[in-house]
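Examination of the molecular architecture
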Amino acid sequence: MIERAEAPVAATLRNGRTVTIRPLAEQDREALLRFGRSLPDDDWLYIETDLHSPDIINRLVDAHAAENWRQLVAVTESGEIVGYSAVRRLPGWSSHVGDIHLIVGKDYRRCGLGTALAQAIFDAARDLGVAKVIVEILQEQTGGIAIFERLGFQIEGTFSDHARDHIGHRHTLHVLAYHVNGANASI
């Protein structure tokens, strides 16, 4: 079994706020559901995981200790979840690849939280033992693309009309990737 990096990390953001980035835990069900329900309607066009749904939240929290998956949350001093990220090691012939997801609350965007969560989930991906990490992102999500490109990710694939949002519109999907070159690689 692969060792987990479980220690919470305090992050001071550019706006002076402080959050703690830590693994998702059993007690986070209600806070994660509140986080999902607080996201702007426009976000739901681009988010694959339905964080509005109590059933989905239960599945995510129930999987918090899964061997092939790491989930992190950014939490304020009051216990409010303001960011969620996850990395899942893919199965089969892609078992050396980790797939990353990242969501930041509206009031915590453009202050460095996305970058801090991306770096933390990248470290969690290394703990999973992957040699490559990918993120699938819609072409319209320019802020997310910029975060990952700043961290060294490059577009490896572009698929036109590949993704369909929650209201049925099709979008171009980019797959960005970062190749981890050994245990000392870092973003």
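Our structure is the block above this text.
Analysis parameters
- Residues numbered from 1 in each chain as written.
- Predicted model: local features only at pLDDT ≥ 70, side-chain atom pairs only at ≥ 80, totals over all residues.
- Heavy atoms only, no water.
- Core = buried A, V, L, I, M, F, W, Y, C linked by side-chain atoms within 4.5 Å.
- Buried < 20%, exposed > 50% of the residue type's maximum accessible area, 1.4 Å probe, protein only.
- Helix = DSSP H or I, 4+ residues; strand = E, 2+ residues; numbered from the N terminus.
- Contact = heavy atoms within 4.5 Å.
- Salt bridge = Lys/Arg side-chain N within 4 Å of Asp/Glu carboxyl O.
- Phe/Tyr/Trp six-rings, centres within 6.5 Å; stacked < 30°, edge-to-face > 60°.
- Lys NZ or Arg CZ within 6 Å of the ring centre and 35° of its normal.
- Arc of directions from axis to C-beta.

1. Let's talk about the nonpolar core
- Among the nonpolar cores identified, the biggest contains 34 residues, and V19, I21, I100, Y108, L113, V133 and F153 are the most heavily contacted of them.
- Listing elements by their share of this core, those giving two or more residues are β2 (18-23), β3 (69-75), β4 (81-89), β5 (97-104), α3 (113-127), β6 (132-138), α4 (142-150) and β8 (170-179).
- Ranked by residues supplied to this core, first place goes to α3 with nine residues.
- In terms of nonpolar packing, the next biggest core, distinct from the first, is built from 18 residues, I47, V61, V73 and A86 among them.

2. Let's talk about the environment of V87
- Here V87 lies in strand β4.
- In the structure, V87 is positioned 36 residues away from D123 in sequence and 9.9 Å away in space, judged by C-alpha atoms.
- With near-sequence residues (within four places) excluded, V87 lies in contact with N68, W69, R70, G98, D99, I100, I121, A124, A125 and L128.

3. Observations concerning the pattern of salt bridges
- All chains considered together, the criterion is met by five salt bridges.
- When the shortest N-O distance is used, the salt bridge between E156 and K132 registers 2.8 Å. Here the residue E156 occupies a position in strand β7 (residues 154-164), and K132 occupies one in strand β6, the gap between them amounting to 24 residues.
- A relative accessible area of 17% places K132 in the buried class.
- Look at the salt bridges and you will find they share partners, linking E26, R29 and D62 into a network.

4. Observations regarding the environment of R170
- Position of R170 among the secondary structure elements: in strand β8.
- A residue is classified by how much of its surface remains accessible, and R170, at 57% relative accessible area, is exposed.
- Sequence separation between R170 and I147 is 23 residues, and the spatial gap between their C-alpha atoms is 23 Å.
- Those residues in contact with R170 that sit more than four places away from it in its chain are D161, A163 and R164.

5. Points about the packing of aromatic side chains
- As enumerated under the stated definition, the model contains three aromatic pairs in all.
- When the centroid spacing of 5.0 Å and the interplanar angle of 75° are considered together, the rings of F148 and F153 count as edge-to-face. Per residue, the accessibility class of F148 equals that of F153, and both read buried.
- When the centroid spacing of 5.6 Å and the interplanar angle of 40° are considered together, the rings of F153 and Y178 count as tilted. Pair noted here: F153 is in the loop between α4 and β7 and Y178 is in strand β8, with a separation of 25 residues, a long-range link.
- In this structure Y178 comes out as buried when scored by relative accessible area, which is 14%.
- Site record: aromatic cluster; members linked through ring pairs are F122, F148, F153 and Y178.
- Across the ring face of Y108, the terminal group of R17 is positioned such that the distance to the ring centre comes to 4.4 Å.

6. So, helix α2 (residues 54-62)
- Taken together, the buried positions of α2 are occupied by I56, I57, L60 and V61. All buried residues of α2 project into a common sector of 130° when viewed along the axis, lining one side. Of the exposed residues in α2, those oriented more than 90 degrees away from the buried face are D55, R59 and D62.
- Summarising the contacts, the buried residues of α2 are in contact with α1 (29-38), β3 and β4.

Any functional reading would require information that these geometric values do not contain.
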